[in-house]
Amino acid sequence: MNTTTATIPTQAGPAEAQQEHGSRIITALEGAWSAIRAQHPDVPAVLMITGTGRTGASLKWGHFGERRWTTGGTRTHELFAGGELISLGGRRTMQTLLHEAAHALAHVRGIKDTSSDYRYHNKRFVKIAEELGLQGPASPASVIGWSDCQITDAAAARYESVIQTLDTASLPYVHDPWVTALFGGTAKPTGGEDENGDDGDGDGEAQGGQGEGDDEPKKAKRPPTRFLVVCGCTKPGKDGEPEAARRIQISRATWEFGREDGDEDGGALMCGRCGEPFRKADEG
């Protein structure tokens with residue numbers, strides 16, 4: 001069995017400057033990517049970046065961006081790995097890097113592996129992912145398709161030393177309560193309030209290419225901005241029973257404007273024919 005090693009700097013000491021932590025993360029991720037390329041030479045070189053994967057209610061573990069950077073006059077691909085991903089440990093981080101390596105190989109080979117603005121992963125993606133050591137899902141998901149590919153035990157054994165090094169490097173990470181609750185990420189750190197006095201926990205909705213990470217918390221649905229109102233006018237329905245004769249779609253702002261003075265029955269909006277106030281259709 002072939003194993004691949006990667007050298008990752010140890011935890012920076014207390015006296016070292018905080019900015020050095022960022023370079024440790026990049027060095028660690030670059031080492032893991034080099035290990036993948038050692039096993040699969042067709043996987044291209046990338047410029048590694050990191051940061052929070054959270055944007056509103058969406059969370060991205062990683063992405064591969066084609067030819068996004070210029071280095072020495074040459075276009076270079078981007079590989080992003082989210083700080084929330086790092087909190088899940090070496091095996092899960094390696095799984096995402098292999099996922100992005102599959103996208104990178106698809107680009108090199110000129111294979112269209114996604115659609116719907118890079119969200120839906122097709123079976124061509126799965127075929128490449130399995131070549132790299134991932135196992136495709138039993139069936140596709142409605143939005144992301146065949147994206148949920150898991151690292152196999154054989155692949156984890158192949159990259160055992162890399163995974164172990166990632167686990168023991170004590171890398172900085174982004175704590176996300178949602179990740180902790182659903183994926184077993186690291187526990188909430190203690191101390192270290194930000195400059196605004198916030199401990200960073202919030203309500204689980206932090207601020208702020210093609211890749212992995214559509215395991216997303218969903219925002220609560222907002223009330224509809226338009227709804228149906230009816231008055232007392234009726235007409236014979238298809239079954240002979242009376243039904244509303246006047247049915248009007250109205251915006252919430254217009255409806256509530258008529259109730260600003262505490263008129264709970266919406267009486268400000270009257271029917272000139274039956275003389276009754278309009279009401280919401282779902283209120284009977």
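Along every chain, residues carry numbers that run from 1 in the direction the sequence is written. With the structure being a predicted model, the display of local features is reserved for residues of pLDDT at least 70 and the display and counting of side-chain atom pairs for 80 or more, all residues being used for whole-chain, interface and lining totals. Where side-chain values are given, they derive from all heavy atoms of the structure, hydrogens and water being excluded.

Novice: I'd like to hear about the overall build of the protein, residue by residue, with values.
Specialist: Broken down by element type, the protein carries eight helices and 14 strands. In the protein, which comprises 284 residues, the proportion classed as buried is 40%. We get accessible surface area from the Shrake-Rupley algorithm with a probe of 1.4 Å; when it comes to residues, only the shown protein chains can shield them. Total accessible area on the protein stands at roughly 15900 Å², and carbon and sulfur atoms take up 49% of it. Going along the chain from the N terminus, every DSSP run of H or I of four or more residues is numbered as a helix, and every run of E of two or more is numbered as a strand. Type-normalised accessible area, obtained with a 1.4 Å probe on protein chains alone, sets the label of each residue: buried when under 20%, exposed when over 50%, and partly exposed for intermediate values.

Novice: Which residues make up the sheet that holds strand β13 (residues 247-251), and what are the values?
Specialist: On the basis of which strands lie adjacent, the open sheet formed by three strands has the order β13-β10-β14 and antiparallel pairing. Strands at the two margins of the open sheet, each flanked by one partner only, are β13 and β14 (279-280). Note on pairing: DSSP must find at least two bridges between two strands before they are called paired. With five bridges connecting them, strand β10 (residues 226-230) and β13 associate as antiparallel partners. Considered in β13, the bridge of V229 is made with I248.

Novice: With reference to specific residues and values, describe the pairing of strand β4 (residues 62-71).
Specialist: Across seven bridges, β4 lies against strand β5 (residues 74-82) in antiparallel orientation. Bridge pairing links T71 to T74 in β5. Where β4 hands over to β5, the hairpin turn is made up of two residues, of which G72 adopts a positive phi near 60°.

Novice: Give me helix α4 (residues 123-132): which residues, what numbers.
Specialist: Those residues of α4 that sit buried are F125, V126, I128, A129 and L132. Seen end-on, α4 carries its buried residues on one side only, within an arc spanning 170°. In α4, those exposed residues whose orientation departs by more than 90 degrees from the buried face are K123 and K127. The elements touched by buried residues of α4 are α3 (90-109), β7 (120-121), β8 (134-135) and α5 (153-158). Near the N-terminus of α4, the side chain that reaches the backbone nitrogen of R124, with its oxygen 3.0 Å away, is that of N122. Once α4 finishes, G133 follows within two positions and takes phi at roughly 115°, a positive value. Here, the arc refers to the directions that run from the helix axis to the C-beta atoms. We call two residues contacting when some pair of their heavy atoms lies within 4.5 Å. Two N or O atoms form a polar contact when they lie within 3.5 Å of each other; inside protein one atom must be a possible hydrogen donor and the other a possible acceptor, and for residues adjacent in sequence the pair counts only when both atoms belong to side chains.

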